[in-house]
Amino acid sequence: MHRLAERPTLLVDRAFHYCPGCTHGIIHRLVAEVLEELQLADRTIGIASVGCSVLAYEYFDLDMQQAAHGRAPAVATGIKRFLPDSVVFTYQGDGDLASIGMAEIIHAAARGEAITVIFVNNTLYGMTGGQLAPTTLLEQKSTTSPQGRKAEREGHPIKVIELLSTLAGPGFLARTAVHTPAQVLKTRKAIKEAFLAQLDKCFALVEILSTCPTNWKLSPVESVEWVEKQMLPVYPLVKLERSDDGTWLKTQL
Amino acid sequence: MQKKLLQGNVALAEAAVRAGCNCYFGYPITPQTEIMEYLAGRLPEVGGVFLQAESEIAAINMVYGAAGAGARVMTSSSGPGISLKAEGISYLAATELPCVIVNVMRAGPGLGGIQPSQADYLQATRSAGHGGYRCPVLAPSGAQEMADLTYLAFQLADQYRTPVFILADALVGQTKELVELPEFIKTLPAKPWATTGKTGRKRNVINSLYLDDNELENHNLQLLQKYEQIALSETRWEEQWCTDAQIIVVAFGFLARIAKEAVLLAREMGIKAGLFRPVTLWPFPAAALRQAVTSDRKVLVVEMNGGQMLEDVQLAVNKQVPVGFLGKVGGLPPEAREILGRIAKMAGEKIAQIS
Ligand SMILES: Cc1ncc(C[n+]2csc(CCOP(=O)(O)OP(=O)(O)O)c2C)c(N)n1
Ligand code: SF4
């Protein structure tokens, strides 16, 4: 039989702890595949953050550091400044990156740290049981916004890509999704470009729209539909590449 | 070697460079900013990394990253900043990453003031952050020791794989004195556990999450054992004129020097006073103090806080002898004569006789 795909060598051979239908697993796989393809494993240091992906250090067959909630970009900065030839990536949820760690991500981006950030946006706090995140959609219910998010009360969702695109530091920003096979492939490409951008000494971030069937209280199939219908209108899929004159080249994905 | 006139903060910074410190991450706060200002110029000269972080929280996490990658790394701050670093320090202690953390204390709590103080004794010697860990705490008494103890701090940090605190007060940090700087270190210890990329070996993981009860317990027991070992091997103190003393003054940092003056004045008056100066605040030299303080003696603790080391002294002497306290909380140290007054009072002499 002809095999179309195999387990990436950079993923440790063990079962993920993620819930059925959760797309964290797909994203892990894509990161591992890209690093393998680019043959970067020997000089890569990954940073696991806090959230459902806290155990990422168990899954990647790479040197890994686990960071405090939100602080991964600062940890990455420390590593990268000391080892400028290394390849450093952080893997962060939306609560981690856009709430408690907002200062760290903005400043790492503003400094143009040559790191790659994998930013998994599932619109709420998965690990702690579905609380409001800065990315929670208006009207979306969470355990701490049981009547649905209201702009007057909880403020507006934060669009990280658009926010970071106001800074001169980043070289590559993309928002992708993994709810269809076609989008998975686009995400893989964006992740690859984000690592290539790091090799070009640029700060790069890929925001990946992800599912959380458990806390959305939807089936895996309904979750995929929810990404399509609810998330995409608020979080458009886009790729921004900084050109030589400092302006952004924008591609809809 | 030639002595140089150096401010305590600068002596510390240069000694760090000579100790092989190749990374510094910090955020400005009085009265320690000279450390980072000095290193901003000096570290690039020796091929090291200097970065002003966006906050103390970011700075300590940069320390965590660099320490994990094998750097000899330092950060410095003062009380309010150390509070912010607390989370990161807990992670560093849990993951056993070596680094040096300098606290040049100012008066608090809250914003307090920028005056000299020793009010962060409890914060440093117990634990600044969560979860119950210990870090060695070295308390320099002047510019020379800012250099010497910093050099030692890096050594201890690597030897025990732990964050080490330098707990100085603004008097030590700001005063200029003649300092003989230590030699440049020749070789740095190998760090096979560091995350440098897994070339030619299995992956290294730096992590403080233990979801399995047994693993967590084993990890914490191992940390506790290490702390015991540090307490056994690394307790440091200085004592002068204690052998025949009726009154032993216990003070640390710059204050120990003022206390020493008071002790000498007391001796001139015929009161047998002695000085006991803890150099490591954790581990606290409790056994040495207990030995110095036999049952016919009295103890006077002098601090620039409301009585923080006092608790350790009381524990050490275990109610066997009277313990007096003189504390200053406004940012000014007590004068030698004020300490002398207390010594005389405890010795039963009249204050009038000393003036
Ligand atoms: C300082 C701190 N505050 C709070 C927590 C608790 N906490 C753990 S995970 C988490 C939310 C993570 O959500 P997100 O980053 O969106 O990741 P997800 O679980 O959705 O993948 C929180 C608040 C913590 N570990 N540390
Ligand atoms: S709680 Fe949500 S984000 Fe976390 S593993 Fe389960 S589905 Fe994924």
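Everything here concerns the structure above.
Once a new chain begins, its residue numbering starts again from 1 and follows that chain's sequence as written. Lettering for chains starts from A, numbering for ligands starts from 1, and both go in the order in which the items are written. For a predicted model such as this one, the threshold for reporting local features is a pLDDT of at least 70, and the threshold for listing and counting side-chain atom pairs is 80 or more; totals across whole chains, interfaces and linings nevertheless cover every residue. Side-chain calculation: all heavy atoms of the structure are included, whereas hydrogens and water are not.

A.B. asks: Just checking my understanding: could you explain the site of ligand 1 for this structure?
C.D. replies: Near ligand 1 lie 17 residues; those nearest to it are C52, G95, D96, G126 and M127 of chain A. The near set for a molecule or strand comprises every residue that places at least one heavy atom within 4 Å of it. With respect to ligand 1, the chains having nearby residues are chains A and B. One nitrogen or oxygen atom from the main chain of L124 of chain A is found 3.1 Å from an oxygen atom belonging to ligand 1. Compared with its free state, where it exposes 590 Å², ligand 1 has 77% of that area covered by protein. Going along the chain from the N terminus, every DSSP run of H or I of four or more residues is numbered as a helix, and every run of E of two or more is numbered as a strand. Of all elements in the fold, only α4 (94-100) and β5 (124-125) of chain A reach the threshold of two or more residues within the shell around ligand 1. A per-class count over the shell around ligand 1 returns six nonpolar, eight polar and three charged. Here a polar contact is recorded for every N or O atom pair within 3.5 Å, except that within protein the pair must consist of a potential hydrogen donor and a potential acceptor, and residues adjacent in sequence are included only if both atoms are side-chain atoms. Here the accessible surface of atoms and residues is derived via Shrake-Rupley with a 1.4 Å probe, and residues count as covered only by protein chains that are part of the display. Three classes are used, and their members are as follows: Ala, Val, Leu, Ile, Met, Phe, Trp, Tyr, Cys and Pro are nonpolar, Asp, Glu, Lys and Arg are charged, and the others, Gly among them, are polar.

A.B. asks: I would appreciate a short explanation of the interface of chain B and chain A in the present structure.
C.D. replies: Across the boundary between the two partners, chain B contributes 35 residues, which contact 36 residues of chain A. Here the buried area means the combined drop in accessible surface, using a 1.4 Å probe, for two parts upon being joined, counting both sides. Taking both partners together, chain B and chain A bury about 2,700 Å²; carbon and sulfur atoms supply 57% of that area. Considering only the surface of chain B that becomes buried against chain A, E54, K198 and R203 of chain B emerge as the three largest contributors, covering 24% of it. Put simply, a salt bridge is a Lys or Arg side-chain nitrogen that is within 4 Å of an Asp or Glu carboxyl oxygen. One can count five salt bridges joining chain B with chain A. We note a salt bridge from R201 of chain B to D63 of chain A, for which the minimum N-O separation is 2.7 Å. On the surface where chain B and chain A come into contact, there are 18 residue pairs in polar contact (both at pLDDT 80 or more). With eight residues, the top contributor of residues to the side of chain B that touches chain A is helix α3 (residues 56-68) of chain B. As paired elements, strand β2 (residues 63-66) of chain A and strand β9 (residues 205-206) of chain B share two bridges and run parallel to each other. Bridge pairing in β9 of chain B links Q65 of chain A to I206 of chain B. Pairs of residues are marked as contacts when any of their non-hydrogen atoms sit within 4.5 Å. For two strands to pair, DSSP has to find at least two bridges joining them.

A.B. asks: Just to check I follow, could you spell out the layout of surface pockets for this structure?
C.D. replies: Gaps left between atoms are located by rolling a probe of water-molecule size over the structure's atoms. The computed volume of the largest pocket comes to approximately 310 Å³. Mapped onto the lining of the largest pocket, the elements with two or more residues apiece are α4 (79-94) and α8 (213-233) of chain B. Within this scheme a cavity is a closed region of a 1 Å grid, computed over the protein atoms alone, that accommodates a 1.4 Å probe without allowing it to escape, whereas a pocket is open but has protein on both sides within 12 Å along at least five of seven lines; lining residues each have an atom within 4 Å of a point. Grid points are joined across faces, edges and corners, and a volume is the space filled by probe spheres set on the points.

A.B. asks: Would you mind going over the packing of aromatic side chains with me for this structure?
C.D. replies: To describe a pair of aromatic rings, you give the distance between the ring centres and the angle between the ring planes. All names here are of chain A. Stacked, edge-to-face and tilted labels apply to pairs of Phe, Tyr and Trp rings (six-membered ring for Trp) whose centres lie within 6.5 Å, assigned for plane angles under 30 degrees, over 60, and everything in between, in that order. Per the counting criterion, the structure on display carries 10 aromatic pairs over all chains. Both rings, one in F16 and one in Y59, keep their centres 4.8 Å apart while their planes meet at 85°; by these two values the pair is edge-to-face. Here F16, found in the segment before α1 (24-37), pairs with Y59, found in helix α2 (residues 56-59); they are 43 residues apart in sequence, far enough to count as distant. You can call F16 partly exposed: its relative accessible area is 29%. For every residue, the accessible area (1.4 Å probe, protein chains only) is compared with the maximum for its type, and the residue is labelled buried under 20%, exposed over 50%, or partly exposed between those bounds.

A.B. asks: What am I meant to see in the environment of P136 of chain B here?
C.D. replies: Relative to the helices and strands, P136 of chain B is located in the loop between α5 (121-125) and β6 (137-138). Apart from residues lying up to four places away in sequence, P136 of chain B is in contact with T162, P163, V164, F165, I230 and W282 of chain B.

A.B. asks: Please explain the sheet that holds strand β7 (residues 170-177) of chain A as it appears in this structure.
C.D. replies: Sheet strands pair by backbone hydrogen bonding; their relative direction is either parallel or antiparallel. Pairing is mixed in the open sheet, where nine strands are placed in the order β10(A)-β9(A)-β7(A)-β8(A)-β4(A)-β3(A)-β1(A)-β2(A)-β9(B). At either end of the open sheet lies a strand with only one pairing partner, and these are β10 (248-252) of chain A together with β9 of chain B. Note on definitions: angles span 0 to 180 degrees between N-to-C directions of axes, and those axes are lines fitted to C-alpha atoms, for helices only across the stretch in contact. Sitting on the sheet, helix α8 (residues 181-199) of chain A is in contact with β3 (87-93), β4 (116-121), β7, β8 (203-209) and β9 (238-242) of chain A, with an inclination near 165° to β7 of chain A.

A.B. asks: Is there a simple way to think about the pattern of salt bridges in this case?
C.D. replies: Two side chains carrying opposite charge are able to pair once their charged atoms lie near each other. The final tally for this structure, using the stated rule, is 34 salt bridges over all chains. Between K226 of chain B and E96 of chain B there is a salt bridge, with its nearest N and O atoms 2.8 Å apart. With a gap of 130 residues between them, K226 of chain B in helix α8 and E96 of chain B in the loop between α4 and β5 (99-105) connect regions that are remote in the sequence. The partner of E238 of chain B in a salt bridge is R277 of chain B, and the shortest N-O contact between them spans 3.2 Å. Linking E238 of chain B in strand β10 (residues 237-240) with R277 of chain B in strand β12 (residues 273-278), this pair joins segments that are 39 residues apart in sequence. With a relative accessible area of 4%, R277 of chain B lands in the buried category. Within this structure, R29, E33, E37, R188 and K192 of chain A form a network of salt bridges that share partners.

A.B. asks: How do you make sense of the site of ligand 2 when you look at a structure like this?
C.D. replies: All names here are of chain A. Taken together, Y18, C19, C22, H24, C52, N122, G126, C212, P213, T214 and N215 make up all the residues around ligand 2. Broken down by element, the shell around ligand 2 gets its largest block of residues, three residues, from helix α9 (residues 213-216). Taken together, the residues that form the shell around ligand 2 break down as six nonpolar, five polar and no charged.

A.B. asks: I tried to follow the state of the cysteines on my own but got confused; where do I start?
C.D. replies: Structurally, a disulfide amounts to a covalent bond that connects the sulfur atoms of two cysteines. Residues and elements named next belong to chain B. Two cysteine sulfurs form a disulfide in these notes if their separation is within 2.5 Å. For the structure shown, the criterion picks out zero disulfides over all chains. Counting only cysteine sulfurs, C21 is the nearest neighbor of C23, a cysteine outside any disulfide, at a range of 7.2 Å. Looking at C23, the relative accessible area reads 0%, which means it is buried.

A.B. asks: Would you take a moment to explain the packing of α1 of chain A against α8 of chain A for this structure?
C.D. replies: What describes two packed helices is the angle between their axes and the distance between those same axes. Residue and element names in this part refer to chain A. At a minimum axis separation of 9 Å, α1 and α8 run at an interaxial angle of 50°. By the angle class used here, α1 and α8 are oblique. In this structure, α1 crosses over α8, and the sense of that crossing is right-handed. Within the contact between the two elements, α1 uses I26, L30, V31, E33, V34, L35 and E37 and α8 uses V184, T187, R188, I191, K192 and F195. Per-class residue counts for the contact of α1 with α8 are eight nonpolar, one polar and four charged. Geometric relationships in this document are graded by angle, where less than 35 degrees denotes roughly parallel, more than 145 denotes roughly antiparallel, 65 to 115 denotes roughly perpendicular, and other angles denote oblique. Rotating anticlockwise by less than a right angle from the far helix to the near helix defines a left-handed crossing, while the corresponding clockwise rotation defines a right-handed one.

A.B. asks: Which parts of the structure should I look at to understand the nonpolar core?
C.D. replies: The tendency in soluble globular proteins is for nonpolar side chains to be buried as a group. For this analysis, a nonpolar core means a set of buried residues of the types Ala, Val, Leu, Ile, Met, Phe, Trp, Tyr and Cys, connected via side-chain atoms within 4.5 Å. One finds F203 and L205 of chain A together with F25, M74 and I343 of chain B to be the most contacted residues of the largest nonpolar core, which totals 152 residues. Contacts of I343 of chain B, omitting those with residues within four sequence positions, involve I247, V249, A262, V263, A266, I271, A273 and L300 of chain B.

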